[in-house]
Amino acid sequence: MGGERGKAFYFLAFFFALYVLFLYGPMIAIFVLSFQGPEGGLTFPMNGFSFYWFGKLYEGNGIIKIGASFLRSFKLGLVVMLLTVAISVAAGLAFRKKFRGSAALFYIAIASLIVPSIITSLGIALEFRIMDDVVRHYGPSWLADTHTTFMGLFTSGLGAHLTWTLPFGLLIMFAIFNRFNPAYEEAARDLGATPWQTFRHVVLPIILPSVVGIGLFGFTLSWDEIARSSQVIGEVNTLPLDLQGLTTTVTKPDIYALGTVTSAVSFVVIFAALFAIRALQNRQAKQGSDAGSGMV
Amino acid sequence: MAAAAPTAGPSQKSKSPIDRASDQLLAWAQALPMTLVFAFFFLLPLALVVMVSFWDYNEYEMIPTFSGRGYTDTFEGCLAELPNLCTILKTYAKTLKLCFLVWIITLTIGFTVAYFLAFHVKSKTWQIMLSLLCTIPFWTSNVIRMIAWIPLLGRNGLVNQGLVGAGIVDKPLEWLLYSEFSVVLALVHLFTFFMVVPIFNSMIRIDKSLIEAAYDAGATGWQTLVNVIMPLAKPGIVIGSIFVITIVMGDFITVGVMGGQQIASAGKIIETRLNALQFPAAAANAVILLGVTLLIIAALSKLVDIRKEL
């Protein structure tokens, strides 16, 4: 482990480079291939260069309305993001006080991460089916006669996504508060701040960059989520589900174009969030320290 | 002010019982939304899966009367076929085999990559940059990362073009895509990240002076790796393993897309039953899968106290 870079270093660096190539190679291949000319196929070599397949995608291929599922996934992602932030921050605050039942809630959250997604998805689907059956059989007639299903994007779908995003949100909150110095809060309290003022003006600004991180996680996890969505979305599909459907039917580069577009959305969202985190940290550094602006 | 305790400890003690009770109430209120979400969308659904697995069913609906049909149908003919394995047992054997292969490969790659990042990359900036580099592909949809293999592994893909062009094989290899090979490859591609992160996390917490001490005591690099670093990185290894194993055990999407819908897995059985609207049978299979997965996790978590590591 000395200062010298021995054989081990070069071997490991080479291994790492191979791993990165393995990670990126295939993705770069489809990004490049999505710019195939109109005659191009699913494999190399490139047959011309054009935006033809993106245009095709925009027109829609008749079978599946990509634009609609794109919008649905985007809206769902935004709602999941907001709820994940609000619910995780609240729960994170609760866990600092060691309330009774906290251990149980923690283990449930972890269990939600490690129970295979298809089982969670199946369970939620069963739950909504049973609710529908109950309403149809025992509900008041004005409801029972016309009722079809409670299942939908913003009911069962939203719930399924939250069981996936909230455990991550909670773990990030744990990481934040492990490093949080309670002295700031005590100072605020000593100066007479109410609990809400303490949270709003002291705690929140300090944890804000990480809270943006939770939102970012929430959006991207929902945007790409497929296993938990598979049984619970109802009649309409999210973008990843449509994409999965397309893998068996579409044999043209428009599927690569779709891959390029959805990846671009992920990247834009993430870079926007990283930028926001950076800006918040800079602001913190500027306002949090009075170095150089002293009285003397 | 100087006398004020910097930690929360003493001031907590001085609180009146009423304050403490209101603290508890506030904490419960704050934890309530999360509790409700998990109760309604996780615990209740799991309980329903177990309950429905004991219901009866016909071609198009489930019938709420007690029945073991979901399970007996699943294991139909298993006893009679012994010592040959019946479909369900064969499927589980295959799932476990895929799972083991993916686990051992992701562990090897994940450990090596994490080791490189934690011990050989000296500057903090480079560590962050290189970790970010590994994270970026994770931001893209799994399905896209799967189909990305098609232009490489397909019949006319780059790999086959290269192999044929170089004269190594005389006609394109058929087993590269839509095979067990492509399933394992895609799973490794998708989930090695889940190994790198926890292992890296436990490695950077290792006190470097322990490694110096091992060297001073005359240990070789290999001995240090096996006797110092590996035991200390064990929590990360176990957490990463639990992630990878539970994902692969329940996976039906990667197996479907990369296996050309031809390969069976435990998750795929559930999906097939669901598509046939045989909910009790699907639920019974879910219970079996859950049981097997939990057994593996229980065995792994015997090795380490996970809560302590978070």
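Note that the coordinates shown come from a computational prediction; the quantities given were computed from them, not determined experimentally.

Notes on the overall build of chain B
Step number 1: Each helix and strand in chain B was counted, giving 16 helices and 2 strands.
Step number 2: Radius of gyration (C-alpha) of chain B: 25 Å, far over the 19 Å computed for a compact globule of 310 residues.
Step number 3: Structurally, chain B occupies a C-alpha span of about 75 × 65 × 40 Å along its principal axes.
Step number 4: Counting the 310 residues in chain B, one finds 48% classified as buried.
Step number 5: If you take every contact in chain B between residues at least 6 apart in sequence, the share linking residues at least 24 apart comes to 67%.
Step number 6: Entry remark: accessible area of chain B is about 15,000 Å², with carbon and sulfur atoms responsible for 68%.

Examining the overall build of chain A
Step number 1: Across its full length, chain A holds 11 helices and 0 strands.
Step number 2: Element order for chain A, N to C, with α for helix and β for strand: α-α-α-α-α-α-α-α-α-α-α.
Step number 3: Relative to a compact globule of 296 residues, whose C-alpha radius of gyration would be 19 Å, chain A shows 25 Å and is clearly more extended.
Step number 4: Each principal axis of the C-alpha atoms in chain A carries an extent, and together these give about 75 × 75 × 40 Å.
Step number 5: Burial statistics for chain A: of 296 residues in total, 49% are counted as buried.
Step number 6: Considering only contacts within chain A whose residues lie at least 6 apart along the sequence, 71% involve residues at least 24 apart.
Step number 7: As displayed, chain A offers around 14,600 Å² of accessible surface, 65% of which is attributable to carbon and sulfur atoms.
Step number 8: With 20 positive and 16 negative side-chain charges, chain A shows a spacing of 7 Å between the two charge centroids.

Regarding the packing of aromatic side chains
Step number 1: What the rule picks out here adds up to 31 aromatic pairs over all chains.
Step number 2: Between the aromatic rings of F9 of chain A and Y10 of chain A, the centroid separation amounts to 5.2 Å while the plane-to-plane angle is 85 degrees, which identifies the pairing as edge-to-face.
Step number 3: Seen in terms of ring centroids, F9 of chain A and F116 of chain B are 5.9 Å apart; in terms of plane orientation they differ by 40 degrees. Their pairing is tilted. Of this pair, F9 of chain A sits in helix 1 (residues 7-33) while F116 of chain B sits in helix 5 (residues 87-120), on two different chains. There is no split in this pair, since F9 of chain A and F116 of chain B are both buried.
Step number 4: Each residue in the set F95, F99, F106, Y107 and F174 of chain A is aromatic and connected to the rest through ring pairs, giving one cluster.

Topic: the UniProt feature "domain: ABC transmembrane type-1" (unreviewed entry) in chain B
Step number 1: Listed under "domain: ABC transmembrane type-1" (unreviewed entry) in the UniProt record, and renumbered for this structure, are residues 92-300 of chain B.
Step number 2: End-to-end, the C-alpha atoms of residues 92-300 of chain B are 19 Å apart, and along that stretch the chain is 77% helix and 0% strand.

Things to note about the UniProt feature "transmembrane region" (unreviewed entry) in chain A
All names here are of chain A.
Step number 1: The positions that UniProt labels "transmembrane region" (unreviewed entry) are, in the present scheme, residues 9-35, 76-95, 104-130, 150-177, 198-219 and 255-277.
Step number 2: Helix makes up 93% of residues 104-130 and strand makes up 0%, while its end C-alpha atoms are separated by 27 Å.
Step number 3: The straight-line gap between the two end C-alpha atoms of residues 255-277 is 33 Å; of that span, 100% is helix and 0% is strand.

Some words on the pairing of strand 2 (residues 62-66) of chain B
Each regular strand shows side chains that alternate between the opposite faces of the sheet.
Residue and element names in this part refer to chain B.
Step number 1: Looking at chain direction, strand 1 (residues 55-57) and strand 2 are connected through 3 bridges and run antiparallel. Paired with Y57 across the two strands is M62, which belongs to strand 2.
Step number 2: Between the antiparallel neighbours strand 1 and strand 2 lie 4 residues.

Focus on the state of the cysteines
All names here are of chain B.
Step number 1: As enumerated under the stated definition, the model contains 1 disulfide over all chains in all.
Step number 2: Here C78 pairs with C86 through a disulfide, and the sulfurs are 1.8 Å apart. What sets the handedness of the C78 and C86 disulfide is the S-S torsion sign, and at about 75 degrees it is right-handed. We note that C78, like C86, is buried.
Step number 3: Summary of cysteine pairing: C99 is not part of a disulfide, and the nearest cysteine sulfur, belonging to C86, is at 20 Å.

As for the side chain of S222 of chain A
Residue and element names in this part refer to chain A.
Step number 1: Within the fold, S222 resides in helix 9 (residues 195-224).
Step number 2: The exposure class assigned to S222 is buried, which follows from its relative accessible area of 5%.
Step number 3: A distance of 2.9 Å separates a polar atom in the side chain of S222 from a polar atom in the side chain of H161.
Step number 4: Other than its neighbours up to four places away in sequence, S222 contacts L76, G77, V80 and H161.

Regarding the environment of V248 of chain B
All names here are of chain B.
Step number 1: By the element assignment, V248 lies in helix 12 (residues 221-250).
Step number 2: Along the primary structure V248 and G267 are separated by 19 residues, whereas in three dimensions their C-alpha atoms are 8.9 Å apart.
Step number 3: When sequence neighbours within four positions are dropped, the list of residues in contact with V248 reads L98, C99, V102 and L187.

Notes on the packing of helix 2 (residues 17-52) of chain B against helix 15 (residues 279-301) of chain B
Residues and elements named next belong to chain B.
Step number 1: Between helix 2 and helix 15, the shortest axis-to-axis distance is 7 Å and the interhelical angle comes to 115 degrees. The angle between helix 2 and helix 15 falls in the class roughly perpendicular. Judged by the sense of rotation from one axis to the other, the crossing of helix 2 with helix 15 is left-handed. Between helix 2 and helix 15, the residues in contact are L46, V49, V50 and V52 and F279, P280, A283, A286, V287 and L290, respectively.

Rules used in this analysis
- Residues numbered from 1 in each chain as written.
- Chains lettered and ligands numbered in written order.
- Predicted model: local features only at pLDDT ≥ 70, side-chain atom pairs only at ≥ 80, totals over all residues.
- Heavy atoms only, no water.
- Helix = DSSP H or I, 4+ residues; strand = E, 2+ residues; numbered from the N terminus.
- Rg over C-alpha atoms; globule rule 2.2 N^0.38 Å.
- Buried < 20%, exposed > 50% of the residue type's maximum accessible area, 1.4 Å probe, protein only.
- Contact = heavy atoms within 4.5 Å.
- Areas by Shrake-Rupley, 256 points an atom, 1.4 Å probe, with all protein chains shown as cover.
- Lys, Arg positive; Asp, Glu negative; His and termini not counted.
- Charge placed at Lys NZ, Arg CZ, Asp CG, Glu CD.
- Phe/Tyr/Trp six-rings, centres within 6.5 Å; stacked < 30°, edge-to-face > 60°.
- UniProt positions renumbered as here; feature names shortened; annotations may be inferred.
- Pairing = 2+ DSSP bridges.
- Disulfide = S-S within 2.5 Å.
- Polar contact = N/O pair within 3.5 Å; in protein donor to acceptor, adjacent residues only side chain to side chain.
- Axes fitted to C-alpha atoms, helices over the stretch in contact; angles between N-to-C directions.
- Parallel < 35°, antiparallel > 145°, perpendicular 65-115°, else oblique.
- Left-handed = near helix turned anticlockwise from the far one by under 90°.

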